[in-house]
Amino acid sequence: GEDVEQSLFLSVREGDSSVINCTYTDSSSTYLYWYKQEPGAGLQLLTYIFSNMDMKQDQRLTVLLNKKDKHLSLRIADTQTGDSAIYFCAESPLASGGSYIPTFGRGTSLIVHP
Amino acid sequence: EAQVTQNPRYLITVTGKKLTVTCSQNMNHEYMSWYRQDPGLGLRQIYYSMNVEVTDKGDVPEGYKVSRKEKRNFPLILESPSPNQTSLYFCASSMTSGAPNTGELFFGEGSRLTVL
């Protein structure tokens, strides 16, 4: 079965780096995602990584994928108060018909304090 | 503007009074899905649809119905709401064919439902 696990809370000081971790169980996952949910809003895709990659960097965001350990992490450099949100890890194996149906973790609430 | 629109955004109702939460997307997506979000439980999938007239149960379908008569619409129906259906509901859509297809889900703003 599929299962995605992540810690529920992370608190960091403004300007520090944040690292949010996630483990998943489906070894056939093709895409792994990080979604961000700001207060009062729906989820939005923050970044994703294809399963044949180890790392992806996009400005302040770094995604690391360890396929052997089925571990995904999101690092946010120079964390700002605007980064306070819930971050969801998700995985998608390639389903029949060429579609991807994601499984989400429970979300990590990132709290950034001055 | 590409978007997923849900209505109503907020609703307070009473036990047993049928209600429908509408969802519409303007991106010609084949895949649509409903989730509920509860504290400490994250997102749980209620129903999903791979295309018109094709629907399947998710992880928590009890007490809900859906239909997919048109590609753009995917309403969520609560025939007899109960207090344990008090939650924040999200509709989402995604393309399943064509390129680039990364499986990105596009979410609505959410519908907060309270059942008294």
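What comes next concerns the included structure.

Re the state of the cysteines
- Tallied over the full model, the rule gives two disulfides over all chains.
- Covalent S-S linkage joins Cys22 of chain A and Cys89 of chain A, the inter-sulfur distance amounting to 2.0 Å. With the S-S dihedral at roughly -65 degrees, the linkage between Cys22 of chain A and Cys89 of chain A falls on the left-handed side. Here Cys89 of chain A lies in strand E9 (residues 85-93) and Cys22 of chain A lies in strand E3 (residues 18-24), a separation of 67 residues in the sequence. With respect to class, Cys22 of chain A is no different from Cys89 of chain A; both count as buried.
- The disulfide partner of Cys23 of chain B is Cys91 of chain B, and the S-S distance across this bridge is 1.8 Å. Looking down the S-S bond of the Cys23 of chain B and Cys91 of chain B bridge, the torsion is -75 degrees, so its handedness is left-handed.

As for the pattern of salt bridges
- Counted according to the given criterion, the structure contains seven salt bridges over all chains.
- A salt bridge links Asp69 of chain A to Lys68 of chain A; its shortest N-O distance comes to 3.7 Å.
- Given the relative accessible area of 46%, Asp69 of chain A is considered partly exposed.
- A salt bridge links Lys65 of chain B to Glu79 of chain B; the nearest nitrogen and oxygen atoms lie 2.9 Å apart. Of the two residues, Lys65 of chain B is situated in strand E7 (residues 65-66) and Glu79 of chain B in the loop between strand E8 (76-78) and strand E9 (87-94); the sequence distance between them amounts to 14 residues.

Brief notes about a nonpolar patch on the surface
Residue and element names in this part refer to chain A.
- On the surface, Leu8, Phe9 and Ile111 cluster together into a nonpolar patch covering about 300 Å² of accessible area.
- Position of Leu8 relative to the elements: it lies in the loop between strand E1 (4-6) and strand E2 (9-13).
- Relative accessible area serves as the criterion here: at 36%, Leu8 is assigned to the partly exposed category.

So, the sheet that holds E3 of chain A
Residue and element names in this part refer to chain A.
- Sheet architecture is open: five strands sit in the order E1-E3-E8-E7-E6, paired in antiparallel fashion. Strand pairing shows two members of the sheet lacking a second neighbour, E1 and strand E6 (55-58), which therefore form its edges. Going from strand to strand, the sheet's axes swing by 15 degrees on average, the running direction of each strand aside.
- Inspection of the sheet shows E6 paired to strand E7 (residues 61-66) by four bridges, in the antiparallel sense. Looking at E7, one finds that Met55 is bridged to Leu64.

Concerning the interface of chain A and chain B
- Residue-level contacts link 21 residues of chain A with 21 residues of chain B.
- In this assembly, chain A packs against chain B so that about 1700 Å² is buried in total across both faces, 58% of it on carbon and sulfur atoms.
- In this structure, the connection of chain A to chain B is made through zero salt bridges.
- The interface formed by chain A and chain B holds three residue pairs in polar contact (both at pLDDT 80 or more) in total.
- Among the secondary structure elements, those contributing two or more residues to the side of chain A that touches chain B are strand E4 (29-37), strand E5 (43-50) and E9 of chain A.
- Along the lines of polarity and charge, the residues of the side of chain A that touches chain B split into 13 nonpolar, seven polar and one charged.

Focus: the side chain of Thr62 of chain A
- Locating Thr62 of chain A in the fold gives a position in strand E7.
- The contacts of Thr62 of chain A, once residues within four sequence positions are left out, are Met55, Lys56, Gln57, Ser73, Leu74 and Arg75 of chain A.

Section: the sheet that holds strand E1 (residues 4-7) of chain B
Residues and elements named next belong to chain B.
- The four strands lie next to each other as E1-E3-E8-E7, forming an open sheet whose pairing is antiparallel. Each edge of the sheet is formed by a strand with only one pairing partner; in this case those strands are E1 and E7.
- In terms of strand pairing, E1 meets strand E3 (residues 19-25) through four bridges, oriented antiparallel. Bridged to Val4 within E3 is Gln25.

With respect to the side chain of Ser33 of chain B
All names here are of chain B.
- Assignment of secondary structure puts Ser33 in strand E4 (residues 31-38).
- For Ser33, a relative accessible area of 0% puts it in the buried group.
- For Ser33, the side chain forms a polar contact with the side chain of Gln45, separated by 2.8 Å.
- Looking at Ser33, its side chain comes within polar contact range of the main-chain oxygen of Tyr47, at 3.4 Å.
- Apart from the residues lying within four places of it in its own chain, the contact partners of Ser33 are Gln45, Tyr47, Tyr48, Phe74, Phe90, Cys91 and Ala92.

Rules used in this analysis
- Residues numbered from 1 in each chain as written.
- Chains lettered and ligands numbered in written order.
- Predicted model: local features only at pLDDT ≥ 70, side-chain atom pairs only at ≥ 80, totals over all residues.
- Heavy atoms only, no water.
- Disulfide = S-S within 2.5 Å.
- Helix = DSSP H or I, 4+ residues; strand = E, 2+ residues; numbered from the N terminus.
- Buried < 20%, exposed > 50% of the residue type's maximum accessible area, 1.4 Å probe, protein only.
- Salt bridge = Lys/Arg side-chain N within 4 Å of Asp/Glu carboxyl O.
- Patch = residues over 30% accessible without salt bridge, like charges linked within 9 Å, V, L, I, M, F, W, Y side chains within 5 Å.
- Areas by Shrake-Rupley, 256 points an atom, 1.4 Å probe, with all protein chains shown as cover.
- Pairing = 2+ DSSP bridges.
- Axes fitted to C-alpha atoms, helices over the stretch in contact; angles between N-to-C directions.
- Contact = heavy atoms within 4.5 Å.
- Buried area = accessible area lost by both parts, 1.4 Å probe.
- Polar contact = N/O pair within 3.5 Å; in protein donor to acceptor, adjacent residues only side chain to side chain.
- Nonpolar A, V, L, I, M, F, W, Y, C, P; charged D, E, K, R; others polar.

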